[in-house]
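# Secondary and tertiary structure notes
These are the residues of each chain, in order.
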Amino acid sequence: MPGTSMTRVAYLGPEGTFTESALSTLATLPGSPVGVADLTHARPEVTVATALAGVRAGETDGALVPLENSVEGSVPATMDGLAAGAALVITAEVFLEVSFALAVRPGTRADQVRTVASHPHGLAQCRRWLAEHLPGATEVLASSTAEAARDVAEGRHDAAVCAPLAGERYGLESLADPADNPGAVTRFVLVQQPGTLPAPTGADKTTVVAVVPDRTGALLSVLTEFAVRGISLTRIESRPTRERLGVYSFSLDCEGHVADRRVGEALTALHRLCAEVRFLGSYPRADAGARKQVPETVEDAAFAAADRWLEQIRSGG
Ligand SMILES: O=C(O)C(=O)Cc1ccccc1
């Protein structure tokens, strides 16, 4: 429910994650389901899985989780967590430019760093830098960048790849900026129980997961349903269904809202073509400036005029 203040929101924690920063951004967006007042009691979760489980159990009204990154691609825990289990929907998205620090306990020198901890996406975005500057150090996976910073503060690891602010939050100091790709952007999504469908804004995105049949041309048929209706896809990727090799589910984002005729019709076509289609939400797009022009021929008015014409023919008029 856009504009309605949500009381209980969770995020991938602990304090100091990129997700927490993204949550602060989300709270300031007009019409956001999360209000600034909700930040004071936002609940940090240890993993994406527990954050989603909390929403499913009704313990929280929503959870903000990372979905994909411009350097490393999708966050499998989020993609798979949304594709399986009780239905959840995305009700908002946020983009955040991420920058990194190599955070250590004060006084630690680079030549003393034996272990570097971070979220897999943090390590992946600094891999070249780490290979060049700390070739002997072992990478350790943490559930988040801030969790890694806390581990360093508590002496479990020597360095963390985390947000500069997270390093400060845990009393660490930065040895370097280890990012391989300055300007990397991460996309976060607010996930809620179904029943909350944000109203169309005119610049929306829709997310679905479809299990495409193991048939020649099946994926082309799916893509065609979007193309013929002038709907632009903004992301598509395949994930294993875990059934057997060769059967994939495709996760995709397209422009438009399920309330738009063209999008609704594309989704019903997918329902006819695919073994399984899961609707994962329609929500205002955070990068509204990037949207494509929609041809008049696929606007709702054109569909309505065509409906009237067909009705006339059928009623013998
Ligand atoms: O671990 C974090 O801080 C997150 O929010 C996930 C993440 C990790 C690395 C890059 C972007 C987001």
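Residues numbered from 1 in each chain as written. Predicted model: local features only at pLDDT ≥ 70, side-chain atom pairs only at ≥ 80, totals over all residues. Heavy atoms only, no water.

## Notes on the overall build of the chain
Within the chain one finds ten helices and 15 strands. Taking the principal axes of its C-alpha atoms as reference, the chain extends roughly 85 × 45 × 35 Å. Within the chain, the proportion of its 317 residues that are buried is 48%. Here the contacts in the chain between residues at least 6 apart in sequence split such that 78% fall between residues at least 24 apart. For the chain, the accessible surface area stands at approximately 14800 Å², while carbon and sulfur atoms represent 55% of it. Positive and negative side-chain charges of the chain, numbering 28 and 38 respectively, have mean locations separated by a distance of 4 Å. (Helix = DSSP H or I, 4+ residues; strand = E, 2+ residues; numbered from the N terminus. Buried < 20%, exposed > 50% of the residue type's maximum accessible area, 1.4 Å probe, protein only. Contact = heavy atoms within 4.5 Å. Areas by Shrake-Rupley, 256 points an atom, 1.4 Å probe, with all protein chains shown as cover. Lys, Arg positive; Asp, Glu negative; His and termini not counted. Charge placed at Lys NZ, Arg CZ, Asp CG, Glu CD.)

## Topic: the domain arrangement of the chain
Partitioning the chain into structural domains gives domain 1 (9-97 + 185-192), domain 2 (101-174) and domain 3 (204-300). For domain 1 versus domain 2, the distance between C-alpha centres works out to 23 Å. With 15 residues of domain 1 at the interface, the matching set in domain 2 holds 15 residues. Taken together, the links from domain 1 to domain 2 amount to one salt bridge. A salt bridge links Arg 169 to Glu 15; the nearest nitrogen and oxygen atoms lie 2.6 Å apart. If you look at where domain 1 meets domain 2, you find six residue pairs in polar contact (both at pLDDT 80 or more). Here the residues of the side of domain 1 that touches domain 2 are counted per class, giving six nonpolar, seven polar and two charged. (Domains from an automatic or database assignment. Salt bridge = Lys/Arg side-chain N within 4 Å of Asp/Glu carboxyl O. Polar contact = N/O pair within 3.5 Å; in protein donor to acceptor, adjacent residues only side chain to side chain. Nonpolar A, V, L, I, M, F, W, Y, C, P; charged D, E, K, R; others polar.)

## A look at the packing of aromatic side chains
According to the stated counting rule, one finds one aromatic pair in the structure shown. Sitting over the face of the ring of Tyr 170, Arg 169 holds its NZ or CZ atom 4.7 Å from the ring centroid. (Phe/Tyr/Trp six-rings, centres within 6.5 Å; stacked < 30°, edge-to-face > 60°. Lys NZ or Arg CZ within 6 Å of the ring centre and 35° of its normal.)

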